[in-house]
Amino acid sequence: MTKLVEWLFGVSVVVAAWALVSFDLLDLSLPQTYREVAWPMPLYLLVSFGCYSLATVGYRVATFNDCDEAAKELQGQIKEAKEDLRKKGLKM
Amino acid sequence: MATGVDQAVGMSLVVFSLLLFTYYSVWVIILPFVDSDHVLHKYFLPREYSVILPGIAAVILLLCIGAFTAVIMWKNRKPKKVD
């Protein structure tokens, strides 16, 4: 069984459970509040995934390290390269 | 550590997404179990909007992405050379 088939199986089980609860397909007569909570579940999962992505991006932007030594070294190498090319005749 | 504006923007994104998640969770999951005459209901819109508003947000997001792509492609068009 391939991974795709496994995932599709898992997804269809979850979707079936959600449809059973929110549209009352087996006529289980669940309390109305449970149906009200279950019905927006796919949208809720999507919104929470979006919030998680936004929080991860924001956190990694805030904690991204500056590397001062590497920056200085890079500037020095840029200068060297410019000098070298100028000597060889390239107009900057 | 990143400095200045980077930290401010990053942390504000984190705080915003936490607030949004908490508000939406209470709206969708907790509110149906709360009595309809509780004062908490005053702070939340009717529940239909908990489906409509993310839908509108998704449409706006797709529109922005499409407009951005269109602008970039418009700027990069090269006129055909006439030989």
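Every chain begins its residue count from 1, and numbering advances along the sequence as written. By the order in which they are written, chains take letters starting at A while ligands take numbers starting at 1. Under the rules for a predicted model, residues below a pLDDT of 70 receive no local features and side-chain atom pairs below 80 are neither given nor counted, while totals for whole chains, interfaces and linings still include all residues. With hydrogens and water set aside, each side-chain value is computed from the structure's full complement of heavy atoms.

**Observations regarding the overall build of chain A**
Here comes step 1: What counts as a helix is a DSSP run of H or I of at least four residues, what counts as a strand is a run of E of at least two, and both are numbered from the N terminus. Of regular secondary structure, chain A possesses four helices and zero strands.
Here comes step 2: Each helix and strand of chain A, ordered N terminal to C terminal, gives the series α-α-α-α.
Here comes step 3: The dimensions of chain A, computed from C-alpha atoms along their principal axes, are 85 × 35 × 25 Å.
Here comes step 4: Per-residue accessibility, obtained with a 1.4 Å probe over protein chains only, is compared with the maximum for each type, and a residue is labelled buried under 20%, exposed over 50%, and partly exposed between these values. In chain A, which comprises 92 residues, the share counted as buried stands at 14%.
Here comes step 5: Total accessible area on chain A stands at roughly 7,700 Å², and carbon and sulfur atoms take up 68% of it.
Here comes step 6: Averaged over its 10 positive side-chain charges, chain A has a centre that lies 15 Å from the centre of its 11 negative ones. Computed by Shrake-Rupley with a 1.4 Å probe, the accessible areas treat only the displayed protein chains as cover when residues are assessed. Neither His nor the chain ends is counted toward charge; the positive residues are Lys and Arg and the negative residues Asp and Glu. Working definition for charges: the position is that of NZ of Lys, CZ of Arg, CG of Asp or CD of Glu.

**Overview of the pattern of salt bridges**
All names here are of chain A.
Here comes step 1: The term salt bridge refers to a side-chain nitrogen of Lys or Arg lying within 4 Å of a carboxyl oxygen of Asp or Glu. Enumeration according to the criterion identifies four salt bridges over all chains in this entry.
Here comes step 2: Between Glu 6 and Lys 3 there is a salt bridge, with the nearest N and O atoms lying 3.5 Å from each other. On the criterion of helical spacing, the pair formed by Glu 6 and Lys 3 is a turn pair, its members being three residues apart in helix 1 (residues 3-23).

**With respect to the confidence of the model for chain B**
Here comes step 1: Of all residues in chain B, 96% attain a pLDDT of 70 or more, and the chain-wide mean is 88.
Here comes step 2: Complex prediction metrics read pTM 0.73 and ipTM 0.75. pLDDT gives the predictor's per-residue confidence on a scale running from 0 to 100.

**Regarding the UniProt feature "transmembrane region" (unreviewed entry) in chain A**
All names here are of chain A.
Here comes step 1: The feature "transmembrane region" (unreviewed entry), as given by UniProt, occupies residues 7-23 and 43-62 in the numbering adopted here.
Here comes step 2: What you have in residues 7-23 is 100% helix and 0% strand, and the ends, taken at the C-alpha atoms, are 24 Å apart.
Here comes step 3: Taken end to end, residues 43-62 is 100% helix and 0% strand, and its first and last C-alpha atoms sit 29 Å apart. UniProt positions are given in the numbering used here, feature names are shortened, and annotations may be inferred rather than shown by experiment.

**Examining helix 1 of chain A**
Here comes step 1: Between the first and last residue of a helix there are one fewer steps than residues, each counted as 1.5 Å, and that sum is the expected span. Compared with the 30 Å implied by 1.5 Å per residue over 21 residues, the 30 Å span of helix 1 of chain A between its first and last C-alpha is a close match.
Here comes step 2: In the stretch just after helix 1 of chain A, Asp 24 of chain A is the one whose phi turns positive, near 55°.

**Notes on the state of the cysteines**
Here comes step 1: By disulfide we mean two sulfur atoms from cysteines, separated by a distance within 2.5 Å. Taken as a whole and assessed by the stated rule, the structure comprises zero disulfides over all chains.
Here comes step 2: Of all cysteine sulfurs in the structure, the one in Cys 51 of chain A sits closest to Cys 64 of chain B, which takes part in no disulfide; the separation is 18 Å.

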